[in-house]
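# Results of the structural survey
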Amino acid sequence: MLTPFETEALLLSLKVGGIATLGALIPAILISYLLARGRFPLKWLLDGIVHAPLVVPPVVIGYLLLIGLGPRGPIGAPLKDWFGITIAFTWQGAAVAAGIMAFPLMVRAIRLSLEQVDMRLEQAATTLGAGRWDVFFSITLPMIAPGIVVSIILGFARALGEFGATITFVANIPGETRTMPLALYTLAQTPGAEAQAGRLALLSVVVALIALIASEVIARKTRRAIGLHGERAA
Amino acid sequence: MISIDVKTRLGAFTLDAQIETGADSHTLALYGRSGCGKTSLVNTVAGLLRPDQGRIVIGQDVLLDSQAGIEIPAQKRRIGYVFQEGRLFPHLNVHNNLIYGQRRNGEGPISLSQAVELLDLAPLLARKPYALSGGERQRVAIGRALLANPRLLLMDEPLASLDSHRKGEILPFIARLRDEIGVPILYVSHAMEEIAQFADQVALMEAGRVVAVDTVERLTARLDLHPLTGRYEAGAFLSARITEKNAADGLMRLTLTGGAKLLVPMADRPLGTEMKLRIRARDVSIALQEPRDISILNRLPGTVIDIRPDTDGPMAEVLIDVGVPVWSRITKLSASTLSLSPGKPVWALIKSVAIDRTAPGRPKPD
């Protein structure tokens, strides 16, 4: 049904998107918690940095990544010299770029549901003998589970569609960094490949729709499972 | 025994409260109008609010002593807090809500099965909080606090969000807690009727200060506190004991603490049962001689202690000593026609006596 070219791009996209989302998840929960609950100096700065990928052109993000994580960059060079790890121009690099671009969306979804958690419930847990971490894991985390699900799907969808930062940072290498958007771009640049480009575009839309529907279904199920009964959307 | 002495500024409001209960006082009620600082005070006891300075001792345990540098954090205080709105964890079913504190603090005075039995929770165990009625939620909240091995049970208007029918459903459970489990209770309320049913002592609060700590009977009998204890709905709260039952008439005789006797309709309780009564001021009339041909059975001789005319309106309140103080609400005109004055002997005619029927009487060992 799918051509080898399409299969390769699809599988690579799923791998890059999946790793990007999972890798971003725990930092996103941590940062959301800090932003929703923390009171510390320079909070506005953290907020700004986290949200930058939403407003800064993706090419700029890709370029900054190339400078920082490239073979001669301040982070990339030691990584290569000491551990032999190269990020630029690899699929791992594509995942880093996708993760960074998806990060603010994920933080927003989690933060939104964190702000809806009734802090009086956390107080009640404290009076029942739960310490800070205990309260987080036994009360806060389950209560924001729907938000986390939404954040994962949103982040995954964003990572799948990542183009500008990816192509700038890791280029367009077949089988390594040519995800679906990059493959589509390649086809769009190739004379006479309109039909293939159309198929790939359709495939991208289908994958995105599946992610969206899955998010809705899972979020609803989670909400019901934790007893919120759909009355509080994340 | 509960000993509280805290001082704290909350914006324009200052909480400056001292409470010292007797050693045999197991239920202390905190009474006062909304905004008088009751909730701030209990939050301070629970450790949710940090006072500028203070000392809080429950039994033998010092929870806070700012001079000695002792401050036990909220999660280690073991204060079973029953919140006004229940605050059940929505993602846990009733069973897991109940054992949340027990898991962390260890088993306390009662086991899970005892609590389930006491509060009649068995049919609810598998349900999630959203599927519970308001009364059921409060019962679960009480159970959860009780199972958390508490030093003190703190109840912040646990009945406030319930209609009177549900209140009647919960009150007996609270009375059973007092009688069957040794945990001291601090009960916050602005309803004297609730408090009168089971509190040993009442701390009266006004504008962040504790004005008086005493028994319900003595507090409601104090003229100077009457604006705070509530004038129109108030009357006297009395303790009495069933000393005689007469099945033929369907009546029973109650003996008040001062020795005065009352005849009231029979209640299904054994002789010797200690019970709480309420005699509303508007149900008490005054006569100078004992009227003979009258339908009122309860005619008690006494002396006028004090008279307090309303500042506006035609009514006055008279405090009469019939062995215990009772209130009478009559017109200023009657007061002057009868030329009432402190020390004058009178007869108090009591039209009806409200017996607290929701709380089971507490048999008192002699």
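Computed from a predicted model, the values in this text were never measured in an experiment.

## Points about the overall build of chain B
On a plain count of helices and strands, chain B comes out with nine helices and 22 strands. A compact globule built from 366 residues should have a C-alpha radius of gyration of about 21 Å, and chain B, at 22 Å, falls within 12% of that. Across its three principal axes, chain B shows a C-alpha extent of roughly 65 × 50 × 40 Å. Going through the 366 residues of chain B one by one, you find that 54% of them count as buried. The long-range fraction of contacts in chain B, counting pairs at least 24 apart against all pairs at least 6 apart in sequence, stands at 65%. A total accessible area of about 15700 Å² is found for chain B, and carbon and sulfur atoms account for 49% of it. Between the averaged position of the 45 positive side-chain charges in chain B and that of its 41 negative side-chain charges there is a distance of 3 Å.

## Describing empty space enclosed by the protein
Rolled over the atoms, a probe sized like a water molecule indicates the empty space that remains. Residues and elements named next belong to chain A. This structure, assessed with the given rule, holds two cavities of 30 Å³ or more. If you add up the space inside the second largest cavity, you get close to 50 Å³. Along the walls of the second largest cavity sit Ser13, Val16, Ala94, Ala98, Ala159, Leu160, Glu162, Thr166 and Thr179, which together make up its complete lining. Within the residue set of the lining of the second largest cavity, elements represented by two or more residues are α1 (4–37), α5 (91–116) and α8 (145–160). Tallied by class, residues from the lining of the second largest cavity come to five nonpolar, three polar and one charged.

## Regarding the pairing of strand β7 (residues 79–82) of chain B
All names here are of chain B. Of the two faces of β7, both are covered, the one formed by Ile79 and Tyr81 as well as the one formed by Gly80 and Val82. Pairing geometry for β7 and strand β8 (residues 152–156), over four bridges, is parallel. In the sheet register, valine 82 faces β8, and the bridge partner there is methionine 155.

## Comments concerning the interface of chain B and chain A
Facing 21 residues of chain B, the contacting portion of chain A comprises 23 residues. Counting each side, the surface lost to burial between chain B and chain A is near 1900 Å², with a carbon and sulfur contribution of 63%. Applying the counting rule to chain B against chain A returns two salt bridges. Linking glutamate 85 of chain B and arginine 120 of chain A is a salt bridge whose minimum nitrogen-to-oxygen distance equals 3.4 Å. Applying the counting rule to chain B against chain A returns six residue pairs in polar contact (both at pLDDT 80 or more). Residue assignment for the side of chain B that touches chain A shows that the elements contributing at least two residues are β7, α2 (94–105) and α4 (134–147) of chain B.

## Examining unusual backbone geometry
Across residues other than glycine, the phi torsion is negative in most instances, and most of the peptide bonds are trans. All names here are of chain A. One non-glycine residue, phenylalanine 89, adopts positive backbone phi at about 65°. Position of phenylalanine 89 relative to the elements: it lies in the loop between α4 (76–83) and α5. You will see that alanine 171, though not glycine, has its phi angle at about 60°, which is positive. One can find alanine 171 in the loop between α9 (164–170) and α10 (180–189). By relative accessible area, which is 23% here, alanine 171 ends up partly exposed.

Conventions used here
Residues numbered from 1 in each chain as written. Chains lettered and ligands numbered in written order. Predicted model: local features only at pLDDT ≥ 70, side-chain atom pairs only at ≥ 80, totals over all residues. Heavy atoms only, no water. Helix = DSSP H or I, 4+ residues; strand = E, 2+ residues; numbered from the N terminus. Rg over C-alpha atoms; globule rule 2.2 N^0.38 Å. Buried < 20%, exposed > 50% of the residue type's maximum accessible area, 1.4 Å probe, protein only. Contact = heavy atoms within 4.5 Å. Areas by Shrake-Rupley, 256 points an atom, 1.4 Å probe, with all protein chains shown as cover. Lys, Arg positive; Asp, Glu negative; His and termini not counted. Charge placed at Lys NZ, Arg CZ, Asp CG, Glu CD. 1 Å grid on protein atoms, 1.4 Å probe; cavity = no way out; pocket = protein on both sides within 12 Å on 5 of 7 lines; lining within 4 Å. Points joined across faces, edges and corners; volume = space filled by probe spheres on them. Nonpolar A, V, L, I, M, F, W, Y, C, P; charged D, E, K, R; others polar. Pairing = 2+ DSSP bridges. Buried area = accessible area lost by both parts, 1.4 Å probe. Salt bridge = Lys/Arg side-chain N within 4 Å of Asp/Glu carboxyl O. Polar contact = N/O pair within 3.5 Å; in protein donor to acceptor, adjacent residues only side chain to side chain.

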